[in-house]
Amino acid sequence: MIGWMNLVLAAVLALAPLLAAGFSGSLSFCETTEQDMVSDMGGRGSSALGFALQTTNATSNGTLTTIALLATDPASQLLRGLLLWATDADAKRVGTWKLRDGSAGYTLVDACSGGAVSHTSSAAKSFAAGAATKPDGFVLTVPAGAKAPVVPTSTTALSAVFLLQGVGMLFPWNALISAPDFFRAKLDGSRFAHSFENWFSVTFLVVNLATMAVALAPVSPRTDRMLAVGSFAVNAGVFVLLLAIAVGFLGVNPELVFGVVLAGVAASGSATALVQTHLFAVASRVKGAAYTSMLLVGQAVSGVTICLVQLALQLAHVEPKPAAVFYFSSAIVVVLACLLLYLPLGKAVAATEMPDSDDEGDDDDDDASSLATSSITEHHTLLTGTDLVTRRLALFRAAQPYVWAVVLDFTVSLALFPGFTSLLRATSGTQSTFTAAAFLVFNLGDTLGRVLPSLLSRISPVFGEGGAAFNSRTLIAASLARFAFLPAFLLLPLIDSVRKNPLVPTWTGAPPAVVLLMIGALAATSGMVPTLALAGAANVEVAGRAISAADRGVVGRIMTFAMLLGLAAGAGFGFVVVGAATV
């Protein structure tokens with residue numbers, strides 16, 4: 001049902017007797033809007049008061065469903081009044097309501113011809129489980145032909161959207177670092193001509209990490225979405241600027257070019273961090289790992305795509321300047337596509353959110369297929385100050401084992417790839433082909449590792465929901481076991497331009513196929529562990545209770561920060577690995 005209509009919880013007048021009294025009995029008009037109600041409540045919408053909608057018994061043709069009002073905040077156990085209606089894609093009211101048995105204290109709005117539900121008195125109504133006055137649902141019937149909202153609400157469509165969003169997270173950065181020959185020529189004659197790659201990498205990583213740490217601080221949902229939209233725009237603007245540089249619109253002073261590009265890299269790093277934390281938080285709100293997995297797969301697909309494009313451009317002997325124009329133009333298109341698909345994403349995700357196991361009011365139809373409405377996208381707890389810090393610390397402690405699994409996983413991966421693997425020597429064939437193949441194999445392996453959990457869940461209960469593969473101890477053990485890759489890779493021969501440490505033995509005849517197989521194994525395990533860890537972290541419990549959708553969003557942000565922290569640790573540890581292998 002939610003696939004083709006929006007349910008709008010117009011107002012919950014929690015403990016506001018004067019406002020509730022004003023609407024006692026039945027409403028005298030039917031054109032009240034949610035904005036009017038929010039204004040009357042001092043600017044606070046229903047979601048900010050700790051209530052949400054749950055739908056059950058949704059039929060396949062979407063004509064009949066049951067709507068229940070839930071308290072999403074433990075403090076929200078009482079309310080005095082509400083106004084509830086449904087709208088279609090054009091924001092027109094649709095459907096007729098019927099009170100279900102047990103919905104004492106509520107009535108159909110006469111002026112709306114059954115098109116809305118309100119309260120009968122301003123008396124406080126309890127939402128505590130088992131309370132006689134607790135509304136256990138209203139039945140909504142919508143006529144055939146109601147227009148669908150312009151949002152992709154099927155899980156297949158949403159998975160595709162999150163896949164593209166994952167691609168869009170890293171595609172701009174991958175596009176930037178894929179044009180070293182262009183930047184080398186553009187910066188020729190400057191003091192940064194041979195060090196710009198390090199400057200770009202360090203700047204992007206530091207700004208990205210700092211922004212992500214700041215993004216862990218709580219903000220309102222509206223601010224969060226505005227930051228995300230602004231970040232998409234910033235990233236697109238950065239690559240418009242890079243495109244202008246590539247076509248020659250910005251002077252020839254290499255020092256000026258370096259300064260402008262470095263500022264753009266910093267801006268892109270910050271924008272990428274905000275988008276990444278926001279999208280992982282949105283994806284994590286839905287129980288299970290479907291959408292977080294698609295984000296991770298999309299990130300890997302981004303790397304594969306860039307590798308294939310690089311290979312194609314090299315085989316076509318495309319010059320650095322037109323290649324850079326192609327990379328930067330592609331980044332702009334991808335970012336703008338992600339922005340357009342992001343705009344309706346919040347409501348679409350809300351339409352597929354499963355209710356939380358500890359929500360009040362879900363004692364009926366436990367096994368029914370339940371969907372959460374768009375009002376949940378606005379929900380955030382009313383905790384402030386010490387209570388908020390305490391709650392977030394509790395969430396961090398619950399997710400901490402998964403955090404360590406991710407940090408350790410990425411530490412090993414980045415310690416070896418791409419820095420150390422770029423130094424490996426081909427014992428047969430051409431070096432350039434081997435290096436390109438190594439990058440492609442890693443990205444393909446990483447993609448496979450992120451897809452595998454979903455594929456294996458269909459054939460093995462180990463990877464099913466709650467399976468042993470999601471156990472935090474298992475994942476930490478797997479991450480620690482990956483450190484065995486370090487000595488294995490140190491045995492491989494290095495290119496002639498570097499001098500290998502004589503204290504480190506060398507497998508001089510290592511076949512390229514074996515080396516590529518090792519790189520593929522490194523990549524596949526690198527992709528699988530964080531995919532499982534993010535899914536496991538979304539199902540943690542605090543004080544023996546399952547966490548809410550809002551808390552899962554916070555955990556999603558924590559895990560996103562853990563991934564970047566692992567990348568930073570791995571990049572630093574990579575210097576140690578290269579230092580140990582060379583003299």
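Undergrad: What exactly am I supposed to notice about the overall build of the chain here?
TA: Counting its secondary structure elements, the chain contains 16 helices and 13 strands. In the chain, which comprises 583 residues, the proportion classed as buried is 51%. In the chain, the share of contacts with a sequence separation of at least 24, taken over all contacts with a separation of at least 6, comes to 79%. Per element, the accessible surface of the chain, about 24,400 Å² overall, is 65% carbon and sulfur.

Undergrad: When you look at the side chain of Asp409 in this model, what are you seeing that I'm missing?
TA: Positionally, Asp409 belongs in helix 11 (residues 385-416). What makes Asp409 buried here is its relative accessible area of 0%. If we skip the residues at most four places from it in the chain, Asp409 touches Ser479, Arg482, Thr525, Ser526, Val529 and Pro530.

Undergrad: Would you mind going over the pattern of salt bridges with me for this structure?
TA: Enumeration over the complete set of coordinates arrives at eight salt bridges. Arg557 serves as the salt-bridge partner of Asp224, at 2.2 Å between the closest nitrogen and oxygen. Separated by 333 residues along the polypeptide, Asp224 in helix 6 (residues 221-246) and Arg557 in helix 16 (residues 549-581) bring together distant segments of the chain. Judged by relative accessible area, Asp224 falls into the buried class, the value being 14%.

Undergrad: Could you clarify how one ought to interpret unusual backbone geometry in this entry?
TA: Excluding glycine, residues mostly have negative phi values, and the peptide bonds linking residues are mostly trans. In this chain, Phe417 is followed by Pro418 through a cis amide linkage whose omega measures 5 degrees. Structurally, Pro418 is set in the loop between helix 11 and helix 12 (431-456). The phi angle at His317 is positive, at roughly 55 degrees, despite the residue not being glycine. Judged by relative accessible area, His317 falls into the exposed class, the value being 67%. Of note in the backbone geometry, Ala543 takes a positive phi value of approximately 55 degrees without being a glycine.

Undergrad: I would appreciate a short explanation of helix 6 in the present structure.
TA: The α-helix winds at 3.6 residues per turn, so residues separated by three or four positions along the chain end up facing the same way. The first and last C-alpha atoms of helix 6 sit 38 Å apart over 26 residues, in line with the 38 Å expected at 1.5 Å per residue. Every buried residue of helix 6 is listed here: Pro221, Asp224, Ala228, Ser231, Phe232, Asn235, Ala236, Val238, Phe239, Leu242, Ile245 and Ala246. With its phi angle positive at about 95 degrees, Gly248 sits one or two positions after the end of helix 6.

Undergrad: What am I meant to see in the pairing of strand 5 (residues 82-87) here?
TA: Every other side chain in a regular strand lies on the same face of the sheet, so the side chains alternate between the two faces. The buried fraction of strand 5 amounts to six of the six residues, a majority that puts the element mostly inside the structure. Covered by surrounding structure in strand 5 are Leu82, Leu84 and Ala86 together with Leu83, Trp85 and Thr87, the residues of both alternating faces. The sheet contact formed by strand 5 and strand 8 (residues 117-119) spans two bridges and is antiparallel. By the bridge assignment, Leu84 is partnered in strand 8 with Val117.

Undergrad: Is there a simple way to think about the packing of aromatic side chains in this case?
TA: Any two aromatic rings considered together are summarised by their centre-to-centre distance and by the angle between their planes. For the coordinates displayed, the defined rule picks out 17 aromatic pairs. Judged by centre distance (3.8 Å) and plane angle (5 degrees), the rings of Phe192 and Phe258 are stacked. Of this pair, Phe192 sits in the loop between helix 4 (180-186) and helix 5 (196-214) while Phe258 is found in helix 7 (residues 254-284), placing the two residues 66 residues apart along the sequence. A single burial state applies to Phe192 and to Phe258, both of which are buried.

Undergrad: Where do I start with the nonpolar core in this structure?
TA: Buried together is how nonpolar side chains tend to be arranged in soluble globular proteins. In this structure, Phe183, Phe200, Phe239, Leu242, Tyr327, Phe328 and Met559 are the most contacted members of the largest nonpolar core, which totals 83 residues. Here this core gets 11 residues from one element, more than from any other, and that element is helix 9 (residues 320-342). Discounting residues that sit within four places of it in the chain, Phe183 has contacts with Leu176, Phe196, Phe200, Leu242, Val261 and Phe328. Membership of the second largest hydrophobic core comes to 27 residues, among which are Leu423, Leu486, Leu492 and Val515.

Undergrad: Got a minute to help me understand the environment of Val578 in this structure?
TA: Along the chain, Val578 turns up in helix 16. The partly exposed category is assigned to Val578, whose relative accessible area is 24%. Those residues in contact with Val578 that sit more than four places away from it in its chain are Phe420 and Leu423.

Undergrad: Just to check I follow, could you spell out the packing of helix 6 against helix 9 for this structure?
TA: The axes of two packed helices give the description: the angle between them and the distance between them. Following both chains from N to C, one finds helix 6 and helix 9 inclined at 165 degrees, their axes separated by 9 Å at the closest point. For the element pair helix 6 / helix 9, the angle class is roughly antiparallel. Once helix 6 is placed against helix 9, the crossing between them reads as left-handed. Contacts between helix 6 and helix 9 involve Arg225, Ala228, Val229, Phe232, Asn235, Ala236, Phe239, Val240, Leu242, Leu243 and Ala246 from the first element and Lys321, Val325, Phe328, Ser329, Ala331, Ile332, Val335, Leu336, Cys338, Leu339 and Tyr342 from the second.

Undergrad: Looking at this structure, I do not really get a nonpolar patch on the surface. What am I missing?
TA: Together, Leu491, Trp507 and Val514 give the surface a local cluster of nonpolar side chains, amounting to about 240 Å² of exposed area. Secondary-structure assignment places Trp507 in the loop between helix 14 (485-490) and helix 15 (512-537).

Undergrad: Explain the environment of Phe417 to me, please; I cannot follow it from the model alone.
TA: By the secondary structure assignment, Phe417 is in the loop between helix 11 and helix 12. Under the relative-accessibility criterion, Phe417 is labelled buried at 10%. In this structure Phe417 touches Ala438, Phe439 and Phe442, once residues within four positions along its chain are discounted.

Undergrad: Any chance you could explain the packing of helix 12 against helix 15 here in plain terms?
TA: As a packed pair, helix 12 and helix 15 sit with axes 7 Å apart at the nearest point and diverge in direction by 40 degrees. Crossing handedness for the pair helix 12 and helix 15: right-handed. Its residues placed into classes, the contact of helix 12 with helix 15 shows 17 nonpolar, six polar and two charged.

Undergrad: For this particular structure, what's the right way to read the environment of Thr447?
TA: In this fold, Thr447 is placed in helix 12. We classify Thr447 as buried; its relative accessible area is 16%. As for Thr447 and Ala523, which are separated by 76 residues in sequence, their C-alpha atoms are 8.2 Å apart. Those residues within four positions of Thr447 in sequence are excluded, and the remaining contacts are Val297, Ala300, Val301 and Val304.

Undergrad: Just checking my understanding: could you explain the side chain of Arg482 for this structure?
TA: By the element assignment, Arg482 lies in the loop between helix 13 (472-481) and helix 14. On the basis of relative accessibility, which here comes to 3%, the residue Arg482 falls in the buried class.

Undergrad: Would you mind going over helix 9 with me for this structure?
TA: In a regular helix each residue adds 1.5 Å, so 23 residues correspond to 33 Å; helix 9 covers 33 Å between its end C-alpha atoms and thus fits that length. If you check which residues of helix 9 are buried, you get Ala323, Ala324, Tyr327, Phe328, Ser330, Ala331, Ile332, Val334, Val335, Cys338, Leu339 and Tyr342.

Conventions and cut-offs
- Residues numbered from 1 in each chain as written.
- Predicted model: local features only at pLDDT ≥ 70, side-chain atom pairs only at ≥ 80, totals over all residues.
- Heavy atoms only, no water.
- Helix = DSSP H or I, 4+ residues; strand = E, 2+ residues; numbered from the N terminus.
- Buried < 20%, exposed > 50% of the residue type's maximum accessible area, 1.4 Å probe, protein only.
- Contact = heavy atoms within 4.5 Å.
- Areas by Shrake-Rupley, 256 points an atom, 1.4 Å probe, with all protein chains shown as cover.
- Salt bridge = Lys/Arg side-chain N within 4 Å of Asp/Glu carboxyl O.
- Expected span 1.5 Å × (residues − 1).
- Pairing = 2+ DSSP bridges.
- Phe/Tyr/Trp six-rings, centres within 6.5 Å; stacked < 30°, edge-to-face > 60°.
- Core = buried A, V, L, I, M, F, W, Y, C linked by side-chain atoms within 4.5 Å.
- Axes fitted to C-alpha atoms, helices over the stretch in contact; angles between N-to-C directions.
- Parallel < 35°, antiparallel > 145°, perpendicular 65-115°, else oblique.
- Left-handed = near helix turned anticlockwise from the far one by under 90°.
- Patch = residues over 30% accessible without salt bridge, like charges linked within 9 Å, V, L, I, M, F, W, Y side chains within 5 Å.
- Nonpolar A, V, L, I, M, F, W, Y, C, P; charged D, E, K, R; others polar.

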